[in-house]
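# Descriptive structure summary
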Amino acid sequence: MVFSVKTFNNINQIGLKELGNQFQIDGDLAENPDAYIIRSQNLHDVDFPSQLKAIARAGAGTNNIPVDKASEQGIVVFNTPGANANAVKEAVIASILLSARDYIAANTWTNTLTGDDVPKQVEAGKKQFAGTEIRGKKLGVIGLGAIGSRIANDARRLGMTVFGYDPYVSIDAAWNISHHVRRVKELKEIFETCDYITVHVPLTPDTKHTFNAETFALMQKGTTIINFARAELVDNAALFDAIETGVVKRYITDFGTEELLNKEGITVFPHVGGSTEEAELNCAIMAGQEIRQFMETGEITNSVNFPNIHQPLSAPYRITLINKNVPNIVARISTAVSDLNINIDNIINRSKGDYAYTLLDLDESDKAKVDELVAKFEENDNIVRVRLIKGN
Ligand SMILES: NC(=O)c1ccc[n+]([C@@H]2O[C@H](COP(=O)([O-])OP(=O)(O)OC[C@H]3O[C@@H](n4cnc5c(N)ncnc54)[C@H](O)[C@@H]3O)[C@@H](O)[C@H]2O)c1
């Protein structure tokens, strides 16, 4: 069986190798592909080809994909969470160091010097850039997911005292967080205690303006705020006041808007936190692995519109079903199978929102009988997509 993948936006070739030799990439089958692998391609105005079963975004956000429309058409949308976490972590560690010692201003000043006595001028003027060290300083990390947990651990190794706040931390992330990181139950404790605060939460109505006049008022003078998560987590008007009064010593962000540029105490980077060669490669590798697993076994890892689902395929045939999340669906599926005198080897059904996904493994080698069952499922209005996968 050959699967067809159409790529957009120059996906890293090493990542595409993860697909293995059962996949044709951008070949003559790409007019009606089984899967897309994309980066920033906007799919909002695109009619999906009838065979399209999966879209993998090599990156974390899926704003460029109409996820609801994909669900309605039985298309599983994948992303690559955490693939650029190390890149963002390194950018944040660099930012902490940049705030402690103003290397950017120091370099700018040094470049203004002229004459034979530059070394003398350097010695005379360097005091203004003495700065401080980060060892022993307090760092607050808000959000301990893929990025925040890495920062917490590494800042600890650099000698910082680290406080972490995340009421919804995942079990996987929690396992990876050093027991030296102090768990904080109230966000206010971070604002009141820390010299440096870095934020790594998604933008939601709950997290919008996490930094506002009220929270700046809790901070001690000279606090550094680092925001590589989303612009709207900070209320800029309140930030300008907090810089004016010395509460915020420096704000370092990856999200430039005109009002932030060329301002004393503010350093803006052009959204480069997650953009390293390695991160791009990691994203492509993860996207390739997700598509390969889904097409070859029907298993789902890291989908934004369907649940994670894993089950080794040992039966002669597996049917995968994407169905509307209606009552008794598992019973109805089981009845359809037993009506054809077929035994079920295994069945898993998991839902996410309005849709559910079923892996149905059949203890039946007679292809004609299995095809009859597939045809029955295809007639069912509650079932949006049916696939038949041959076991080994
Ligand atoms: N600058 C960049 O290039 C770049 C790259 C990747 C991600 N990001 C941003 O960084 C954010 C974090 O990325 P990640 O990969 O670590 O995501 P993640 O999903 O692994 O972690 C997010 C964490 O935030 C926690 N959280 C959610 N709501 C919270 C709240 N109200 N208070 C405290 N914690 C809360 C979650 O429990 C989770 O542990 C993303 O949402 C994205 O906006 C930026």
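Here we summarise the structure given alongside this text. None of these values were measured; they are calculated from a predicted model.

About the cut-offs
- Residues numbered from 1 in each chain as written.
- Predicted model: local features only at pLDDT ≥ 70, side-chain atom pairs only at ≥ 80, totals over all residues.
- Heavy atoms only, no water.
- 1 Å grid on protein atoms, 1.4 Å probe; cavity = no way out; pocket = protein on both sides within 12 Å on 5 of 7 lines; lining within 4 Å.
- Points joined across faces, edges and corners; volume = space filled by probe spheres on them.
- Helix = DSSP H or I, 4+ residues; strand = E, 2+ residues; numbered from the N terminus.
- Nonpolar A, V, L, I, M, F, W, Y, C, P; charged D, E, K, R; others polar.
- Domains from an automatic or database assignment.
- Near = heavy atom within 4 Å.
- Polar contact = N/O pair within 3.5 Å; in protein donor to acceptor, adjacent residues only side chain to side chain.
- Areas by Shrake-Rupley, 256 points an atom, 1.4 Å probe, with all protein chains shown as cover.
- Contact = heavy atoms within 4.5 Å.
- Pairing = 2+ DSSP bridges.
- Axes fitted to C-alpha atoms, helices over the stretch in contact; angles between N-to-C directions.

## Structural notes on the layout of surface pockets
In this structure, the second largest pocket spans a volume of roughly 430 Å³. Only α11 (277–297) and β16 (383–390) provide two or more residues apiece to the lining of the second largest pocket. The greatest single-element share of the lining of the second largest pocket, amounting to five residues, is contributed by β16. Here the lining of the second largest pocket is composed, by residue class, of six nonpolar, six polar and six charged. Here the lining of the second largest pocket gathers at least three residues from each of two domains, domain 1 (1–84 + 276–306) and domain 3 (307–392).

## Quick look at the site of the ligand
Taken together, 24 residues are adjacent to the ligand, and Ala 146, Ile 147, Asp 166, Asp 254 and Gly 274 come closest. Within the backbone of Ala 229, an N or O atom sits 3.1 Å from an oxygen atom of the ligand. Residue His 271 places a side-chain N or O atom 3.4 Å away from an oxygen atom belonging to the ligand. About the coverage of the ligand: the protein hides 80% of its 860 Å² of free accessible area. A breakdown of the residues in the shell around the ligand according to their chemical character gives twelve nonpolar, eight polar and four charged.

## Structural notes on the environment of Val 67
Tracing the backbone through its elements, the reader meets Val 67 in helix α2 (residues 67–72). Separated by 238 residues in the primary sequence, Val 67 and Asn 305 have C-alpha atoms spaced 6.9 Å apart. In contact with Val 67, not counting residues within four places along its chain, are Thr 62, Val 304 and Asn 305.

## Side note on the sheet that holds strand β7 (residues 161–165)
Read from one edge to the other, the open sheet built from seven strands follows the order β8-β7-β6-β9-β10-β11-β12, with strand pairing classed as parallel. In this open sheet, the two edge strands, each paired with only one partner strand, are β8 (182–183) and β12 (266–268). For strand β6 (residues 138–142) and β7, the ladder comprises five bridges, and the chain directions are parallel. Note that in β7 the partner of Gly 140 across the bridge is Phe 163.

## What to know about the sheet that holds strand β13 (residues 317–324)
The four strands are arranged β14-β15-β13-β16 in an open sheet whose pairing can be described as antiparallel. Where the open sheet ends on each side, the last strands, each with one partner, are β14 (344–352) and β16. If you compare each strand with its neighbour and ignore which way they point, the axes differ by 15 degrees on average. Here eight bridges tie β14 to strand β15 (residues 355–362), and the two strands are oriented antiparallel to one another. Bridge pairing in β15 links Ile 344 to Leu 362. Taken strand by strand, helix α13 (residues 367–379) contacts β13, β15 and β16, and its axis lies near 165 degrees from that of β16.

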